[in-house]
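An overview of the molecular structure
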Amino acid sequence: MQYPRHLYIHIPFCQRRCSYCDFNTYANMEDRIDAYVAALCTELKGVAQTLPPITSQSSVHANGAAAQSSALTRADLRPTIFLGGGTPTMLSLQQMERVLAAANEIVPLQDAEVTTEANPGTVIDEGYLQGLRTLGINRISFGVQSLHDPTLRVLGRIHTAGEALATFEQARRAGFDRINLDFIFGLPGQTLEQWRWTLDRAMEIGADHFSLYSLIVEEGTPLHQQVTRGSITVPDDDVSADMYELAMERLAAGGYTQYEISNWARNDAAQVDGLTLPSQACQHNVAYWLNADYLACGAGAHGHVYPRRWHDILGVDAYIKAMVERGSAVAEIIEVTPADLWGETMMMGLRLNAGVSYAHFADRCGHELRDVYGVVIDGCVREGLMVADEVGVRLTARGRMVGNRVFARFLEDVPA
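Predicted model only: the values in this text are computed from it and were never measured. (Residues numbered from 1 in each chain as written. Predicted model: local features only at pLDDT ≥ 70, side-chain atom pairs only at ≥ 80, totals over all residues. Heavy atoms only, no water.)

1. Points about the overall build of the protein
The helix and strand tally for the protein stands at 15 helices and 17 strands. For 416 residues, the compact-globule estimate of 2.2 N^0.38 gives 22 Å, and the C-alpha radius of gyration of the protein, at 21 Å, lies within 12% of that figure. Overall, the C-alpha framework of the protein stretches about 55 × 55 × 45 Å when taken along its three principal axes. Split into buried and exposed, the 416 residues of the protein put 55% on the buried side. For the protein, the computed accessible surface area is about 17300 Å², with 51% contributed by carbon and sulfur atoms. Within the protein, the 50 negative side-chain charges are centred at a point lying 1 Å from the centre of the 33 positive side-chain charges. (Helix = DSSP H or I, 4+ residues; strand = E, 2+ residues; numbered from the N terminus. Rg over C-alpha atoms; globule rule 2.2 N^0.38 Å. Buried < 20%, exposed > 50% of the residue type's maximum accessible area, 1.4 Å probe, protein only. Areas by Shrake-Rupley, 256 points an atom, 1.4 Å probe, with all protein chains shown as cover. Lys, Arg positive; Asp, Glu negative; His and termini not counted. Charge placed at Lys NZ, Arg CZ, Asp CG, Glu CD.)

2. A few points about the sheet that holds strand β13 (residues 308-312)
The strand order across the open sheet formed by three strands is β12-β13-β14, and the pairing between neighbours is antiparallel. Two strands close off the open sheet at either side, each with one partner strand: β12 (302-305) and β14 (330-335). Taking the axes of each pair of neighbouring strands and ignoring which way they run, one obtains an average angle of 20° across the sheet. When β13 meets β14, the two strands line up antiparallel, connected through five bridges. If you follow His311 over to β14, its bridge partner there is Glu332. (Pairing = 2+ DSSP bridges. Axes fitted to C-alpha atoms, helices over the stretch in contact; angles between N-to-C directions.)

3. Examining helix α6 (residues 192-204)
With 13 residues, α6 extends 18 Å between its outermost C-alpha atoms, agreeing within 8% with the 18 Å of an ideal straight helix rising 1.5 Å per residue. All of the buried residues along α6 are Trp195, Thr198, Leu199, Ala202 and Met203. Projected onto a plane normal to the axis of α6, the buried residues spread over an arc of 125° and lie on a single side. In α6, those exposed residues whose orientation departs by more than 90 degrees from the buried face are Glu193 and Glu204. Following α6 by one or two positions, Gly206 adopts a phi angle in the positive range, close to 90°. (Expected span 1.5 Å × (residues − 1). Arc of directions from axis to C-beta.)

4. Quick look at the layout of surface pockets
Each pocket or cavity is described by its volume, and for the second largest pocket that value is around 620 Å³. Lining the second largest pocket we find 23 residues, and of these Phe185, Ser214, Tyr244, Met401 and Asn404 sit closest to its centre. Contributing elements (two or more residues each) for the lining of the second largest pocket: β8 (209-214), α8 (237-253), α14 (397-401) and α15 (403-412). Here the residues of the lining of the second largest pocket are counted per class, giving 14 nonpolar, six polar and three charged. (1 Å grid on protein atoms, 1.4 Å probe; cavity = no way out; pocket = protein on both sides within 12 Å on 5 of 7 lines; lining within 4 Å. Points joined across faces, edges and corners; volume = space filled by probe spheres on them. Nonpolar A, V, L, I, M, F, W, Y, C, P; charged D, E, K, R; others polar.)

5. Concerning the sheet that holds strand β15 (residues 356-357)
Spatially, β15-β17-β16 is the arrangement adopted by the three strands of the open sheet, whose pairing is antiparallel. Whereas interior strands pair on both sides, the edge strands pair on one side only; in this sheet they are β15 and β16 (386-388). Relative to strand β17 (residues 392-395), β16 is paired through three bridges, and the arrangement is antiparallel. Paired with Ala388 across the strands is Val393, a residue of β17. Set on the sheet, helix α13 (residues 369-382) makes contact with β15, β16 and β17; between it and β16 the angle comes to about 130°. (Contact = heavy atoms within 4.5 Å.)

So, in structure tokens, the structure goes:
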């Protein structure tokens, strides 16, 4: 089989569930962490035993695809490991070491971008951060969400703005030179001026990368109940759109390149006309947007190796039990059709500013892009939603503002 170069590991534990969160996370289960780590390592080692050995990055380039100038393909990416959650930094250094040792059998740490998500409230010890760096983690993503303390309290975050900024400085001293900050806009009570100040302060401290997401009030969350009751109000769609446009304006002026709908990275010499990735781009997430194959382990983790995708059992106790009793926690396997692959490759790839290159579509899907979607592309170009050139296709500024409508065309208008 093709050796997947990307691995996602889910750590579902949190000290407290945030009011807006609908992820597969659990609070007040610290007593299960050690058993979970043991089960997770069993799953990782089992996956490693089913795969052929990997000796070098060059041996796993998809179909021998060569990177072209400005033509982004899966072959351009480093191998990656991403620890998400939940809060992976609830693991002790000893537990983290066990997980990474097992992951190393799948994706060698020395070759990989290794990212962990972190809640600033759980990594206030600089020695812990130094330990993560020593274990091989070379990128860290802090879920800051806001630099306004009253808003952080409404969201149920366990850190303050001051603690988030201090943790960033600690991570720098610990040796991290690839640091992402997550922020949410359209938050309860948030104003354009608050958002402007947040962006300017975050740039001032010298973050390498930003992930900015519009708040989605998910059904079943405490925040949804509060909004429904009217005890909390959130900005309307027009204000949220203004915040997004403000982010594009301020970050561009501050020397950051937007390379995906929700992601910005520092400008650098690798940037060529906005079509190739800045070096600070998150390689793991770009793999998702390029619809690359990736393995996934942990409760509720979703993986994808064409022509199949799967997910593990959701609950922590059920996951541990399944791994102990049958050595597998896979809950469901879904067959992916060629049409699914084509549509998803376009839907995900068009999120990137570089768009979808002809080389990438042919590499991933085994067909020429225009042979499959020529009619859809020509329609989008006529409407000013897309640009098509000798490299590939990408959204215009107007197309990005109505991206979901454009994506839908590639999912709906699929040739037989």
